[in-house]
Structure formats: structure tokens, C-alpha cells
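Breakdown of the fold
So you can see what is in the structure, the chains are spelled out below.
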Amino acid sequence: MLGWALTFLVIALIAALFGFGGIASASAGIAQVLFFVFLILFVVAMVARAMRGRTP
């Protein structure tokens, strides 16, 4: 999922470089949403790992 966010970020940067405002803003928005989804899933996974703990 982080790979998709980075891909859309690169697309947004390239589109912004060439002056395609609509494509750049759409790709940047998608990258931002995917990044936050990834971040939330990461936090949930870390909390679940901490709750489960390790058994001796």
C-alpha cells in the first residue's frame, strides 16, 4: 500500500512538472489518502502486537 502511495506521489510530481494541474492534484490526493490509510493500518497492527504480547 505504501508503494501505491509513493507511485501516485511520483505521478503527481511529474504531472506538476509538466503543468497538468488536474492530474497532479488528483494524484496527490490519492497519494495522501493512501498514505494515511497505510499509517492507520500500521498503528492498528502495532497496537494489536502490543496487546498480544509475547509468551515465555
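Residues numbered from 1 in each chain as written. Predicted model: local features only at pLDDT ≥ 70, side-chain atom pairs only at ≥ 80, totals over all residues. Heavy atoms only, no water.

Notes on the overall build of the chain
Note the following rule: Elements are defined by DSSP. Helices are runs of H or I of four residues or more, strands are runs of E of two residues or more, and each kind is numbered from the N terminus. As defined in this context, the radius of gyration uses C-alpha atoms, and a globule is described by 2.2 Å times the residue total to the power 0.38. Each residue is placed in one exposure class: buried if its accessible area under a 1.4 Å probe, protein chains only, is under 20% of its type's maximum, exposed if it is over 50%, and partly exposed if it falls in between. We get accessible surface area from the Shrake-Rupley algorithm with a probe of 1.4 Å; when it comes to residues, only the shown protein chains can shield them.
Within the chain one finds 2 helices and 0 strands. On C-alpha atoms alone, the chain measures out to a radius of gyration of 16 Å, which is more than a quarter above the 10 Å that the 2.2 N^0.38 rule sets for 56 residues. Burial statistics for the chain: of 56 residues in total, 12% are counted as buried. If you sum the accessible surface of the chain, you get close to 4500 Å²; carbon and sulfur atoms cover 79% of it.

Looking at the environment of Ala 45
Residue placement: Ala 45 occurs in helix 2 (residues 21–52). Assessed through its relative accessible area of 43%, Ala 45 is described here as partly exposed.

What about helix 1 (residues 2–18)?
The test is simple: Multiplying 1.5 Å by the helix residue count minus one yields the expected span of that helix. As used here, the arc is the angular range of directions from the helix axis to the C-beta atoms.
Over its 17 residues, helix 1 runs 25 Å from end to end, which matches the ideal 24 Å to within 8%, given 1.5 Å per residue. Taken as a whole, helix 1 has its buried residues at Ala 5, Ala 12 and Ala 15. For helix 1, the arc enclosing every buried residue in end-on projection is 90°, short of the 170-degree limit, so these residues lie on one face. Seen from the open side of helix 1, the exposed residues pointing more than 90 degrees away from its buried face are Leu 13, Leu 17 and Phe 18. Remark: Gly 19 follows helix 1 within two positions and exhibits a positive phi of approximately 90°.

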